[in-house]
Each structure stands twice: as structure tokens, then as C-alpha cells.
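Below, each chain spelled out in residue letters.
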Amino acid sequence: KKFGGMGMPELRRLRQLEEENQRLKRLVADLSLRDDRALTRWIHVIAETRVRYGYQRIHILLRREGWRQDYNQQRSHEYIRMIVNIS
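Residues numbered from 1 in each chain as written. Predicted model: local features only at pLDDT ≥ 70, side-chain atom pairs only at ≥ 80, totals over all residues. Heavy atoms only, no water.

**Section: the overall build of the protein**
Scanning the protein from N- to C-terminus turns up three helices and zero strands. Order of helices (α) and strands (β) in the protein, N terminus to C terminus: α-α-α. Counting only residues that meet the buried cut, the protein has 16% of its 87 residues in that class. Residue pairs at least 24 apart in sequence account for 42% of intrachain contacts in the protein once pairs closer than 6 positions are excluded. Only carbon and sulfur atoms are counted for the fraction: they give 52% of the accessible area of the protein, which is about 7400 Å². (Helix = DSSP H or I, 4+ residues; strand = E, 2+ residues; numbered from the N terminus. Buried < 20%, exposed > 50% of the residue type's maximum accessible area, 1.4 Å probe, protein only. Contact = heavy atoms within 4.5 Å. Areas by Shrake-Rupley, 256 points an atom, 1.4 Å probe, with all protein chains shown as cover.)

If you want it as C-alpha cells, here you go:
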């Protein structure tokens, strides 16, 4: 039988590729979550040691320390708001 013009070997290969894609997506999500946790911990440390610093200054410190990839000022503001509300 054919499904959409595809034979059984093509369907099996398609299913394998879909499963591999799901595994890779989970891996990327886990890695980004791990980075988010590390970033959140580091923001927490900075906010505790430098109490008078606002989110803009903390953002500048983080950029100087290398937190440039996939990170912007709005995200730092969201993290700092989250930390302040939790603490």
C-alpha cells in the first residue's frame, strides 16, 4: 500500500526522522533551560551583592561577562523581576 505516494520504506524513514527531530528538540530545550538556570543564579548573586544596581546596570555587567548570546535587556529585566518577586 502507498500513503500519499510513499512506499513503506519511505514511511519508516520519515518516522525515524521525526523521532530524531523530537529528540534533538528536547536536547536543545534542556540545554537552554540549563543556561537559563545558570543565568538566573548569576543574576541572583549580582542582585544580592550589589543591592543598589538596577536591571540596566546588571544587564551591562552580564554583557561584559559574556552573556551575549540569546540574551537582551528585556530578558534581564524579566529575570530580575522574577527574582525580586521570589526573594
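**Description of the confidence of the model for the protein**
Averaged over the protein, the pLDDT score is 77; the fraction of residues at 70 or greater is 82%. Looking over the protein, one finds the lowest element-wise mean pLDDT in helix 3 (residues 73-86), namely 70, and the highest in helix 2 (residues 55-64), namely 83. (pLDDT = per-residue confidence, 0-100.)

**Digging into the environment of Glu 78**
Inspection of the secondary structure puts Glu 78 in helix 3. Under the relative-accessibility criterion, Glu 78 is labelled partly exposed at 41%.

**Quick notes on the environment of Ile 58**
Position of Ile 58 relative to the elements: it lies in helix 2. We classify Ile 58 as buried; its relative accessible area is 1%. For the pair Ile 58 and Gln 73, spaced 15 residues apart in the sequence, the C-alpha separation amounts to 9.3 Å. Those residues in contact with Ile 58, other than ones at most four positions away along the chain, are Ile 43, Ile 46, Ala 47, Tyr 53 and Ile 80.

**Here we look at the nonpolar core**
Leu 39, Ile 43, Ile 46, Ile 58, Leu 61, Leu 62, Tyr 79, Ile 80 and Ile 83 together form the largest nonpolar core, which totals nine residues. Sorting the residues of this core by element identifies helix 1 (8-49), helix 2 and helix 3 as the ones contributing at least two each. (Core = buried A, V, L, I, M, F, W, Y, C linked by side-chain atoms within 4.5 Å.)

**A few points about helix 2**
Residues three or four positions apart in an α-helix share a direction because the helix packs 3.6 residues into each turn. Buried within helix 2 are the following residues: Ile 58, His 59, Leu 61 and Leu 62. Down the axis of helix 2, the buried side of the element spans an arc of 165°, and every buried residue falls inside it. Just beyond helix 2, the residue with positive phi is Gly 66, at close to 110°. (Arc of directions from axis to C-beta.)

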